[in-house]
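What follows is each chain in one-letter form.
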Amino acid sequence: MYDQEKSKFAKSHEWAFIEGDTATVGISDHAQHEISDIVFIELPKVGDKVEAGKRAAVIESVKSASDFYAPVSGEVVEINTAITADPSIVNKSSHGDGWFFKIKMSNPSEAGSLMSFEDYKATI
Amino acid sequence: MNNYKHNVLSIEKSVDGRRGIKYTPAKKSAEQYLPQNMLRKAAPKLPALSEFDTVRHFTNLSRLNVSLDTHFYPLGSCTMKYNPKAYEALASLDNFTSVHPYAPVDSVQGSLEIIYGLEELLKAITGLDAFTLQPSAGAHGEFTGALIAKAYHNFNKDKNRTEIIIPDTAHGTNPATAAMAGCTVVNIKSGSDGRVDLEELKKALSPKTALLMLTVPNTVGIFEKDIKEIAKLVHDNGSLLYMDGANLNALIGLVKPADLGIDIMHINLHKTLSTPHGGGGPGAGAVGVVKLLEDFLPLPRVACDGKKYKMMTKNKKSIGSVKTFYGNISIILRAYCYLRQFDTNTLKTIAENSILNANYVREGLRNAFPAFFDMVCMHECVLTLNKEKMPSVKTLDIAKRLLDLGFHAPTIYFPLIVPEAMMIEPCETEGKDSIDIFLGAMTQIYEEAVANPELLLKAPQNCPVKRIDEVSAAREPNLRW
Amino acid sequence: MFNANTKTNQEEMLKKIGVSSIKDLLKDIPGDILYPQYNLPQALTEADLLRSVKTTAAKNKPLSNYIGAGIYEHFVPSAVNAISSRGEFLTAYTPYQAEASQGTLQAIYEYQSCICALFDMDVSNASHYDGATAMAEAVSAAARIKNKKKVLFTSALNPEYRDVLRTYFAGNDLVKFQEVKIKDGITDLEDLKANLADAAAFILPTPNFFGCIEDAEAISKIVKENGALLIAHVNPISLGVLATPGSYNADFAVAEGQSLGNAMNFGGPGLGIFTCKKEYVRYVPGRICGIAKDADGKRAFVLTLQAREQHIRRERASSNICSNQALCALNAAIYLTLLGPEGIKEVAQVNIENAHILKEKITSLEGYSLKFDKPFFNEFVIKCPVPAAKIIKAMAKKGISAGYDLGEVSKDMKDCLLICVTETKTAADLDNFLNALRGI
């Protein structure tokens with residue numbers, strides 16, 4: 001749905017799929033695999049302001065608690081409540097139904113500093 | 001016959017109308033004393049069982065546990081040593097259990113004597129100058145210590161000291177404590193030998209450093225041989241040195257922490273001083289300090305004028321109370337009993353034998369599960385897996401297989417810096433014979449891991465339940481009936 | 001003393017390790033501080049220890065107890081200690097290896113369930129150190145949930161609890177406490193309303209420190225209307241008859257659970273009961289046990305939601321708690337199982353009746369009156385014709401611990417005695433009390 005080849009990636013394993021001034025964000029397939037069975041996700045609220053590189057969500061497995069850093073700055077305009085109800089969706093489809101939330105970007109140029117899928121693949 | 005089904009809840013055995021205890025009933029109902037709107041509407045959903053039902057239910061539950069009294073329990077960092085039975089008898093004496101904390105001081109001189117007596121004994125074994133027995137656990141003691149350090153710096157008008165330095169090998173409680181005390185955590189990486197890297201420490205020290213929290217020996221089971229230099233660096237920087245005493249069993253009778261330059265430390269009475277772990281508590285986390293910090297200790301404190309004991313409740317410098325009343329008295333009493341059974345000649349044999357046992361395990365498993373840091377260890381050793389020989393096996397599988405063979409598992413996946421860690425602490429109360437059986441089991445598991453890893457992945461098979469799926473429990477929590 | 005290795009064992013082991021003496025294993029320790037002298041008394045054999053500590057025990061002179069104030073004397077059925085002193089419970093540790101700890105885990109699950117049932121709350125953890133530290137954790141959770149610092153309590157909160165709250169939050173910037181006035185022994189609702197603006201939570205002890213039962217429902221309504229959370233503190237035995245925290249919509253309910261099957265023990269160990277509504281489960285500190293399935297699909301018990309805890313979250317954890325009061329929680333579970341729904345009601349009713357009988361008797365004496373004319377459970381304040389301290393001293397000479405001197409709390413209450421009566425007192429005991437008091 002949010003083709004990883006066309007997504008931009010942060011070093012901390014979040015992806016952003018950009019359409020106009022809106023970025024849909026989630027975690028990479030590599031990240032969901034590393035975290036393994038996700039049991040809980042805490043998302044920001046619609047209307048929250050998030051900042052690139054700052055914590056915006058929390059992902060818990062049985063053995064870990066990981067921070068989700070917003071890949072770009074802006075206002076949260078939509079959240080995926082399906083993954084808070086059933087976090088296993090993220091393990092099944094991290095680039096599809098497992099998206100986290102959508103950001104109306106306040107500074108679209110930030111996306112330029114994210115990596116392409118190829119570059120990201122090289123870092124993992 | 002015992003047709004007990006192991007996982008049936010008490011509420012599922014409930015039979016309406018059954019009672020485990022009866023009281024002489026009140027003559028009038030609650031409505032006749034209290035307004036209707038203040039009363040409970042429906043009875044609570046508690047089990048209705050006879051005393052016999054209850055005894056059988058819980059006795060059968062107890063039999064599902066692996067415990068120290070029944071099994072070798074080498075849980076690293078937890079110091080699962082034998083809990084002597086005399087102390088249980090003494091802790092249950094009516095004269096100790098039936099006194100109220102606010103009872104007139106003349107009527108509780110015995111309890112005060114025990115508190116005071118244990119403080120004196122702890123001072124003797126640590127070389128520190130004053131103790132509080134109020135904290136309920138090790139982590140509670142850490143919190144107390146961090147507050148004392150902050151109060152000390154504040155008292156000296158040194159209010160910018162808000163950072164606590166913690167090595168990456170530390171227990172999770174250390175950083176969590178620092179955060180609770182309102183401090184920022186500065187993590188430092190350990191050196192290649194698992195010890196504090198002095199250069200890293202120097203870089204981390206700053207005018208903002210309130211405290212360095214150090215576990216001695218560290219959680220890899222290795223003594224910080226540069227400890228005196230570490231203490232000097234910390235003190236020259238105007239900071240204080242905290243010792244997490246979780247591993248005191250390795251030092252008791254060998255070294256007084258005060259001689260290492262420690263300013264504040266906690267002692268887990270439920271570890272080194274042999275009080276029972278109780279399935280997770282209650283424990284106790286006595287905190288000792290050097291003279292300079294005595295006034296900052298929590299209140300109340302017990303004083304003695306030579307004849308009579310009394311409670312001191314006032315000291316403006318004190319951090320206040322960290323719990324109600326004076327501490328976990330029945331635990332304090334057991335720890336007092338333990339220390340009264342040693343003198344200067346025998347105290348050292350605790351640490352000596354615990355160190356001997358740990359090194360014997362480390363050496364005995366050299367070929368099967370190598371030590372992560374290949375050197376002499378203190379009271380525990382941290383082993384890892386040879387992944388090349390057993391690619392599909394994880395430490396978790398080894399642990400579960402050990403349960404099948406009749407042992408409690410070691411602490412696993414800690415410390416975090418060691419991959420696939422297994423932390424083994426045999427304790428001095430185990431002898432060569434029981435350790436040899438353990439080594440035999442571990443060697444067997446090693447061979448199985450290489451030849452027949454499936455067996456391990458399916459373990460345990462001989463426990464009351466098979467391997468538990470923790471993921472489903474966390475995704476859809478069912479926390480009560 | 002308790003070392004298992006014989007000299008022969010030690011020699012064999014040293015040989016295997018490849019060193020000649022234990023001292024060879026201690027080379028990392030600076031020589032100048034190794035093997036210091038210890039100033040310890042003579043070591044005692046078990047027989048000597050028993051003799052010595054029994055002598056110390058005899059220096060305690062337990063009195064007939066009428067003090068409550070946070071620790072309560074209740075009858076502990078014999079089966080409680082008989083079960084919990086079993087080595088399988090007593091000498092196990094935190095159930096990290098769930099498959100080998102199903103006994104402890106199921107007992108924790110049953111404890112959580114009994115507490116939730118008694119309190120009418122959704123979630124209970126496996127316990128905290130004591131009532132006050134459980135309250136501190138609830139305050140911390142409320143401040144984080146609301147992202148506000150102001151937390152209110154009344155001057156009828158147990159002074160020991162106030163001390164602990166102050167200590168817990170002195171070091172950080174999370175919470176600022178503000179005191180709400182009381183009127184005739186209970187919360188002054190007007191003052192509560194006046195202070196609630198921008199508050200994260202109000203702490204409501206009921207019965208409060210003076211034994212008075214608060215109008216929890218009215219208070220809860222006011223607190224909720226102002227957008228704050230309600231943290232209730234209750235006496236667990238009282239819930240056999242009193243309205244539950246769940247019924248008046250408390251967000252958190254905490255308690256000192258010592259009274260459920262645990263002796264007074266000079267004030268410790270206590271049992272910190274911590275409960276909350278389901279929506280706050282991620283804010284709960286400490287261990288929680290949940291139901292899981294094993295590989296065969298069979299019901300099993302396991303510690304769950306661990307990603308909240310310090311061993312995973314480290315400095316980001318909301319609390320550092322690790323050890324809890326598992327054995328005291330086990331005692332509470334056994335106690336509540338023995339009592340059942342009828343027993344807990346019965347014992348609560350006896351408490352009410354005994355306390356009201358003694359109140360009647362005392363206030364029939366000239367000069368003695370009830371300080372606050374409010375409904376109470378098993379504790380009440382008597383205004384005395386002489387300082388309370390004097391009465392306590394005189395009664396102690398007659399073998400009675402008459403109550404708690406409220407002069408310790410407030411200069412205005414030097415003539416006030418806080419008296420607690422539980423089911424442990426017989427009609428004859430209450431007559432004795434009165435006769436002793438009459439003689440003063």
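Residues numbered from 1 in each chain as written. Chains lettered and ligands numbered in written order. Predicted model: local features only at pLDDT ≥ 70, side-chain atom pairs only at ≥ 80, totals over all residues. Heavy atoms only, no water.

(A) Main features of the overall build of chain A. From N to C terminus, chain A includes 4 helices and 9 strands. Each helix (α) and strand (β) of chain A, taken in turn from the N terminus, gives the series β-β-β-α-β-β-β-β-β-α-α-β-α. In terms of overall dimensions, chain A is globule-like: its C-alpha atoms have a radius of gyration of 13 Å, near the 14 Å expected for 124 residues. Sequence separation of at least 24 residues holds for 60% of the intrachain contacts in chain A that already meet a minimum separation of 6. Surface accessibility of chain A: about 5800 Å² in total, with carbon and sulfur atoms responsible for 48%. (Helix = DSSP H or I, 4+ residues; strand = E, 2+ residues; numbered from the N terminus. Rg over C-alpha atoms; globule rule 2.2 N^0.38 Å. Contact = heavy atoms within 4.5 Å. Areas by Shrake-Rupley, 256 points an atom, 1.4 Å probe, with all protein chains shown as cover.)

(B) Here's a closer look at the domain arrangement of chain B. All names here are of chain B. What the domain assignment reports for chain B is domain 1 (10–62), domain 2 (88–340) and domain 3 (350–471). Each of domain 2 and domain 3 was reduced to a C-alpha centroid, and the two centroids are 31 Å apart. Domain 2 puts 23 residues into the contact, and the matching count from domain 3 is 18 residues. Roughly 1600 Å² of surface becomes buried between domain 2 and domain 3 when both sides are summed, with 68% attributable to carbon and sulfur atoms. It is Val 220, Gly 221 and Asn 249 that lose the most area in domain 2 upon contact with domain 3, and together they represent 30% of the buried surface on that side. Our enumeration of links across domain 2 and domain 3 arrives at 0 salt bridges. Where domain 2 meets domain 3, there are 3 residue pairs in polar contact (both at pLDDT 80 or more). (Domains from an automatic or database assignment. Buried area = accessible area lost by both parts, 1.4 Å probe. Salt bridge = Lys/Arg side-chain N within 4 Å of Asp/Glu carboxyl O. Polar contact = N/O pair within 3.5 Å; in protein donor to acceptor, adjacent residues only side chain to side chain.)

(C) Expanded view of the side chain of Glu 88 of chain C. Residues and elements named next belong to chain C. With respect to the secondary-structure elements, Glu 88 resides in helix α4 (residues 87–90). Relative accessible area serves as the criterion here: at 16%, Glu 88 is assigned to the buried category. Engagement of the side chain of Glu 88 in a polar contact is seen with the side chain of Arg 86, the distance being 3.0 Å. (Buried < 20%, exposed > 50% of the residue type's maximum accessible area, 1.4 Å probe, protein only.)

(D) Seen up close, the pattern of salt bridges. This model, assessed by the stated rule, comprises 58 salt bridges over all chains. A salt bridge links Lys 63 of chain A to Glu 470 of chain B, with the shortest nitrogen-to-oxygen separation between them at 3.4 Å. Of the two residues, Lys 63 of chain A sits in the loop between β6 (55–61) and β7 (65–69) while Glu 470 of chain B sits in helix α14 (residues 470–475), which places them in two different chains. Look at Glu 470 of chain B and you get partly exposed, because its relative accessible area is 23%. Of the charged contacts, one joins Arg 51 of chain C and Asp 48 of chain C as a salt bridge, the two residues approaching to 2.8 Å between their closest N and O atoms. Here Arg 51 of chain C pairs with Asp 48 of chain C, and both are found in helix α2 (residues 46–58), just 3 residues apart, close to one helical turn.

(E) Layout of the side chain of Gln 258 of chain C. Residues and elements named next belong to chain C. Here Gln 258 lies in the loop between β9 (252–256) and β10 (272–276). There is a polar contact of 3.5 Å between the side chain of Gln 258 and the backbone oxygen of Ala 263. Once you skip the residues sitting within four places of it in the chain, Gln 258 turns out to touch Ile 71, Tyr 72, Ala 263, Met 264, Gly 270 and Leu 271.

(F) Looking closely at the packing of aromatic side chains. Following the criterion strictly, the structure yields 33 aromatic pairs over all chains and no others. Taking the centre distance of 5.8 Å and the plane angle of 70 degrees together, the rings of Phe 155 of chain B and Phe 296 of chain B count as edge-to-face. One end of the pair, Phe 155 of chain B, is in helix α5 (residues 138–155); the other, Phe 296 of chain B, is in the loop between β7 (285–289) and β8 (301–304), and 141 residues separate them in sequence. Owing to a relative accessible area of 3%, Phe 296 of chain B belongs among the buried residues under this scheme. One aromatic cluster is present, formed by Tyr 102, Phe 325 and Tyr 326 of chain B together with Phe 209, Phe 210, Phe 266, Phe 372 and Tyr 404 of chain C through successive ring pairs. The positively charged end of Arg 282 of chain C is found above the aromatic ring belonging to Phe 40 of chain A, 3.5 Å away from the centroid. Between the NZ or CZ atom of Lys 425 of chain C and the centre of the ring of Tyr 66 of chain C, over which it lies, the distance is 5.1 Å. (Phe/Tyr/Trp six-rings, centres within 6.5 Å; stacked < 30°, edge-to-face > 60°. Lys NZ or Arg CZ within 6 Å of the ring centre and 35° of its normal.)

(G) Broad picture of the interface of chain B and chain C. In this assembly, 194 residues from chain B lie in contact with 178 residues from chain C. Both sides together, the interface formed by chain B and chain C hides about 16200 Å², and carbon and sulfur atoms give 62% of it. Contact with chain C buries area across many residues of chain B, yet Tyr 23, Arg 40 and Leu 479 of chain B alone supply 5% of it, more than any other trio. Along the contact surface separating chain B from chain C lie 10 salt bridges. On inspection of chain B and its partner chain C, the count reaches 89 residue pairs in polar contact (both at pLDDT 80 or more).

(H) Structural view of the sheet that holds strand β12 (residues 299–303) of chain C. Taken in spatial order, the 3 strands line up as β13(B)-β11(C)-β12(C) in an open sheet, and their pairing is antiparallel. Pairing within the sheet leaves two strands with one partner each, and these edge strands are β13 (468–469) of chain B together with β12 of chain C. Relative to strand β11 (residues 289–294) of chain C, β13 of chain B runs antiparallel, the two being bridged by 2 bridges. Paired with Ile 468 of chain B across the two strands is Asp 294 of chain C, which belongs to β11 of chain C. Set on the sheet, helix α5 (residues 102–119) of chain C makes contact with β13 of chain B together with β11 and β12 of chain C; between it and β12 of chain C the angle comes to about 85 degrees. (Pairing = 2+ DSSP bridges. Axes fitted to C-alpha atoms, helices over the stretch in contact; angles between N-to-C directions.)

(I) Structural detail: the pairing of strand β3 (residues 150–154) of chain C. Residue and element names in this part refer to chain C. With respect to burial, β3 is a largely interior element, 5 of its 5 residues being buried. Residues of β3 alternate between two faces, with Lys 150, Leu 152 and Thr 154 on one and Val 151 and Phe 153 on the opposite face, all of them buried. As defined by bridge partners, β3 adjoins strand β7 (residues 199–205) across 4 bridges and the pair is classed as parallel. The residue bridging Val 151 from the neighbouring strand is Ala 201, located in β7. As judged from the 5 bridges shared by β3 and strand β4 (residues 176–180), these two strands associate in the parallel manner. Residue pairing across strands places Leu 152 opposite Gln 178, the latter belonging to β4.

(J) The state of the cysteines, seen in detail. All names here are of chain C. Counted by the stated rule, this structure contains 0 disulfides over all chains. Take Cys 328: it sits in no disulfide, and the sulfur closest to it among the cysteines is that of Cys 114, at 16 Å. Judged by its relative accessible area of 4%, Cys 328 is buried. Among the cysteines around Cys 384, which has no disulfide bond, Cys 416 carries the closest sulfur, lying 6.9 Å off. Cys 384 sits in the buried class, given a relative accessible area of 5%. (Disulfide = S-S within 2.5 Å.)

(K) Looking closely at the interface of chain A and chain C. In this complex, chain A contributes 11 residues to the contact, which on the side of chain C involves 7 residues. Of the roughly 690 Å² buried between chain A and chain C, counting both surfaces, carbon and sulfur atoms make up 42%. Area buried by chain A at its contact with chain C is led by Phe 40, Glu 60 and Ala 65 of chain A, which between them contribute 49% of it. Seen at the junction of chain A and chain C, the total is 3 salt bridges. Close ionic contact of Glu 60 of chain A with Arg 313 of chain C constitutes a salt bridge, the shortest N to O distance being 3.1 Å. Between the two partners, chain A and chain C, sit 3 residue pairs in polar contact (both at pLDDT 80 or more).

(L) Main features of unusual backbone geometry. Geometrically, the link from Val 216 of chain B to Pro 217 of chain B is a cis peptide bond, its omega value of -15 degrees lying close to zero. Looking at the element boundaries, Pro 217 of chain B is found in the loop between β4 (209–215) and α8 (227–236). With an omega dihedral of 0 degrees, the bond running from Gly 281 of chain B to Pro 282 of chain B counts as a cis peptide bond. When you line up the elements, Pro 282 of chain B lands in the loop between β6 (264–268) and β7. Positive phi values are uncommon outside glycine, yet Asn 147 of chain C reaches one of about 55 degrees. With respect to the helices and strands, the residue Asn 147 of chain C is situated in the loop between α6 (131–146) and β3.

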